[in-house]
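# Observations on the three-dimensional arrangement
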Amino acid sequence: KGANHIKIIASGGVLSQSDPIEKVQYTAREISAIVDECDRRGVYACAHCHPAEAVRRCVECGVRCIEHGTLIDAPTAAFVAEKGAFIVPTMAVIFAMLEGGPQMGLSQTSYDKLLQISDSALKGLEIMKQEGVKMGFGTDLLGPQHVRQGTEFTLRKQVLSAADILISATSVNADILQMKDKLGVVKKGAFADLLVVDGNPLDKIELLAANGAHLTHIMLKGDFVKRPQA
């Protein structure tokens, strides 16, 4: 149907009830078959992974991008970096569910699993930075929690520089999507997806975490979708 990538669930998850979060799912042969099928269609595979074992198995088998990676360790991060794969950490959803999970109807089973990953999530960012992993920018927020998209910037600030965060959200994400000459760059021939920020996010990344309050102009493919009224 025209998809340019597929995502597999290669470890237990928070919201799923019956799979321990630290357990690996899929055999190496199954993952390799999935990656081979993607390769022959000119697309790629990404994988939901929390534990280090799942991350390593997927990258060994050719998965191009890991989603979450919350329980990663230094040897696994170094392996990911060596193989040139990507990881997209998702801090925003973890802390959103920690604060509002019970009100959202999160089960006790899911909340207990959330606690398993929450303590190591920010440490994982530090490990990935130290080992040179190419980190993308994502939030994994659900439904009404989308209003918290900007918290990903401020949560990552606890570990990463503003420049690191901006690179993740622009050029690294474009590379993950195989559109590095079209997105995440200002150059001739690229999509004119541009923001004008009232202030310098390199000095204050919080400017990007206010649901657009500090974005004076927003341009999508060359057309303004927000600008001051004349």
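In what follows, the structure referred to is the one given above.
In this text the structure is predicted, and so the values were computed from the model without any measurement.

The rules behind each value
- Residues numbered from 1 in each chain as written.
- Predicted model: local features only at pLDDT ≥ 70, side-chain atom pairs only at ≥ 80, totals over all residues.
- Heavy atoms only, no water.
- Buried < 20%, exposed > 50% of the residue type's maximum accessible area, 1.4 Å probe, protein only.
- Helix = DSSP H or I, 4+ residues; strand = E, 2+ residues; numbered from the N terminus.
- Pairing = 2+ DSSP bridges.
- Right-handed = clockwise from strand over helix to strand, strands pointing away.
- Phe/Tyr/Trp six-rings, centres within 6.5 Å; stacked < 30°, edge-to-face > 60°.
- Lys NZ or Arg CZ within 6 Å of the ring centre and 35° of its normal.
- Arc of directions from axis to C-beta.
- Contact = heavy atoms within 4.5 Å.
- Patch = residues over 30% accessible without salt bridge, like charges linked within 9 Å, V, L, I, M, F, W, Y side chains within 5 Å.
- Areas by Shrake-Rupley, 256 points an atom, 1.4 Å probe, with all protein chains shown as cover.
- Salt bridge = Lys/Arg side-chain N within 4 Å of Asp/Glu carboxyl O.

## Some words on the pairing of strand β3 (residues 65-71)
Counting buried positions over the seven residues of β3 gives six, a clear majority of the element. As defined by bridge partners, strand β2 (residues 44-51) adjoins β3 across five bridges and the pair is classed as parallel. Among the inter-strand pairings, Ala47 is bridged to a residue of β3, identified as Ile66. Handedness of the crossover joining β2 and β3 through helix α2 (residues 52-60): right-handed. Sheet topology places β3 next to strand β4 (residues 86-88); three bridges connect them, and they run parallel. From the neighbouring strand, Cys65 faces β4, where its bridge partner is Phe86.

## Examining the packing of aromatic side chains
Per the stated rule, a full pass over the model turns up one aromatic pair. The interplanar angle of 35° and the centroid separation of 4.6 Å between the aromatic rings of Phe137 and Phe153 together place this pair among those described as tilted. Pair noted here: Phe137 is in the loop between β5 (134-135) and α6 (151-156) and Phe153 is in helix α6, with a separation of 16 residues, a long-range link. The residue whose ring lies beneath Arg56 is Phe79, and the NZ or CZ to ring-centre distance is 3.9 Å. For the cation-ring pair, Lys182 lies above Phe191, with the distance from its terminal atom to the ring centre recorded as 5.9 Å.

## So, α2
Taken together, the buried positions of α2 are occupied by Ala52, Ala54, Val55, Cys58 and Val59. When α2 is viewed along its axis, its buried side chains cluster within an angular range of 165° and face the same direction. In this structure, the buried residues of α2 make contact with α1 (28-40), β2, β3 and α3 (74-83). Gly62 occupies a position one or two residues after α2 and carries a positive phi of about 100°.

## Points about a nonpolar patch on the surface
Taken together, the side chains of Leu15, Met104 and Leu142 define a hydrophobic patch exposed on the protein surface, amounting to about 250 Å² of accessible area. Along the chain, the position of Leu15 falls in the loop between β1 (5-9) and α1. By relative accessible area, Leu15 is classed as partly exposed at 46%.

## A closer look at unusual backbone geometry
The residue Asn211 is not glycine, and still its phi comes out positive at about 50°. Within the secondary structure, Asn211 sits in the loop between β6 (194-197) and β7 (215-220). Positive phi values are uncommon outside glycine, yet Lys221 reaches one of about 50°. Along the chain, Lys221 falls in the loop between β7 and β8 (223-226). A relative accessible area of 57% means that Lys221 is categorised as exposed.

## Regarding the side chain of Asn173
The topology assignment puts Asn173 in helix α7 (residues 162-176). Contacts of Asn173, omitting those with residues within four sequence positions, involve Gly136, Phe137 and Ser168.

## Details of the pattern of salt bridges
One pass over the full model with this rule turns up 10 salt bridges. Taking the shortest distance from any N to any O, the salt bridge between Asp19 and Lys113 comes out at 3.2 Å. Placement of Asp19 in the loop between β1 and α1 and of Lys113 in helix α5 (residues 108-131) is noted, with a sequence separation of 94 residues between them. Overall, the relative accessible area of 14% leaves Asp19 in the buried class. Looking at Lys113, the relative accessible area reads 6%, which means it is buried. Lys187 is the salt-bridge partner of Asp181, the closest N and O atoms lying 3.8 Å from each other.

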